[in-house]
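The primary structure of each chain is shown beneath.
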Amino acid sequence: DALDCAKAISTLDINECASIEQQRVEASLNATYKRVLAFLDQDDLVRADAIRAKTKLIEAQRAWIKFREADCDAVYSLNASGTIRTVLGIGCMQAHAEQRIKELNAFMEGG
């Protein structure tokens, strides 16, 4: 039987549903990041500026990944003795990913 996340009650089911949603958001984040990189490869952009921007964006994304991991590890660690730790850690990762999607979309819009 497929898991009905609308009716999830057990910790295992709640964690599984959170993980499924997180995977969806991660896929969206990856697609958005690839779209921004493709945007920077457009022929109508000033090449030197676009190359610099792309290099800086890649550096920023790598730093963001490390920041998110550390930040969410802190959330997980704070709740390490409780059964809610996993869903809070996943929720942290998802919230950061959703915010980063907004930031990347704003980057393409010029700010």
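Structure shown above.
Cut-offs applied
- Residues numbered from 1 in each chain as written.
- Predicted model: local features only at pLDDT ≥ 70, side-chain atom pairs only at ≥ 80, totals over all residues.
- Heavy atoms only, no water.
- Helix = DSSP H or I, 4+ residues; strand = E, 2+ residues; numbered from the N terminus.
- Rg over C-alpha atoms; globule rule 2.2 N^0.38 Å.
- Buried < 20%, exposed > 50% of the residue type's maximum accessible area, 1.4 Å probe, protein only.
- Salt bridge = Lys/Arg side-chain N within 4 Å of Asp/Glu carboxyl O.
- Disulfide = S-S within 2.5 Å.
- Core = buried A, V, L, I, M, F, W, Y, C linked by side-chain atoms within 4.5 Å.
- Contact = heavy atoms within 4.5 Å.
- Axes fitted to C-alpha atoms, helices over the stretch in contact; angles between N-to-C directions.
- Parallel < 35°, antiparallel > 145°, perpendicular 65-115°, else oblique.
- Left-handed = near helix turned anticlockwise from the far one by under 90°.
- Expected span 1.5 Å × (residues − 1).

### Notes on the overall build of the protein
Check the secondary structure of the protein and you find 3 helices and 0 strands. The N-to-C order of helical and strand elements in the protein reads α-α-α. Computed over its C-alpha atoms, the radius of gyration of the protein comes to 17 Å, more than 25% above the 13 Å expected for a compact globule of 111 residues. Taken over the C-alpha atoms alone, the protein extends approximately 55 × 30 × 20 Å along its principal axes. Counting only residues that meet the buried cut, the protein has 24% of its 111 residues in that class.

### Some words on the pattern of salt bridges
Scanning all chains against the criterion turns up 6 salt bridges. For Glu26, the salt bridge goes to Arg68, with nearest N and O atoms at 2.5 Å. Taken together, the positions of Glu26 in helix H1 (residues 11–40) and Arg68 in helix H2 (residues 47–78) put the pair 42 residues apart, joining distant regions of the chain. Each of the two residues, Glu26 as well as Arg68, counts as buried.

### Considerations on the state of the cysteines
Throughout the structure, instances matching the rule amount to 1 disulfide. Between the sulfur of Cys72 and that of Cys92 lies a disulfide, 2.1 Å long from S to S. Taking the sign of the torsion about the S-S bond as the criterion, the disulfide between Cys72 and Cys92, at about -85°, is left-handed. In this pair, Cys72 sits in helix H2 while Cys92 sits in helix H3 (residues 85–108), placing the two residues 20 residues apart along the sequence.

### Remarks on the nonpolar core
One finds Val25, Leu29, Tyr33, Val36, Leu37, Leu40, Leu57, Trp64, Ala97, Ile101 and Leu104 forming the largest nonpolar core, which totals 11 residues. Contributions of two or more residues to this core are made by H1, H2 and H3. Once you skip the residues sitting within four places of it in the chain, Val25 turns out to touch Gln94, Ala97, Glu98 and Ile101.

### A few points about the side chain of Gln61
Residue placement: Gln61 occurs in helix H2. Among residues more than four places away in sequence, those in contact with Gln61 are Leu29, Tyr33, Arg100 and Leu104.

### Here's the deal with the packing of H1 against H3
Remark: H1 packs on H3, axes separated minimally by 9 Å, with the N-to-C direction vectors making an angle of 20°. By the angle class used here, H1 and H3 are roughly parallel. The interaxial crossing formed by H1 with H3 has left-handed handedness.

### Remarks on H3
Relative to the 34 Å expected for 24 residues at 1.5 Å per residue, H3 spans 35 Å between its end C-alpha atoms, a close match to the ideal helical length. Residues of H3 that are buried: Gly89, Ile90, Cys92, Gln94, His96, Ala97, Arg100, Ile101 and Leu104. Those residues of H3 hidden inside the fold are in contact with H1 and H2. Where H3 ends, the next residue or the one after it, Gly110, has phi of about 95°, a positive value.

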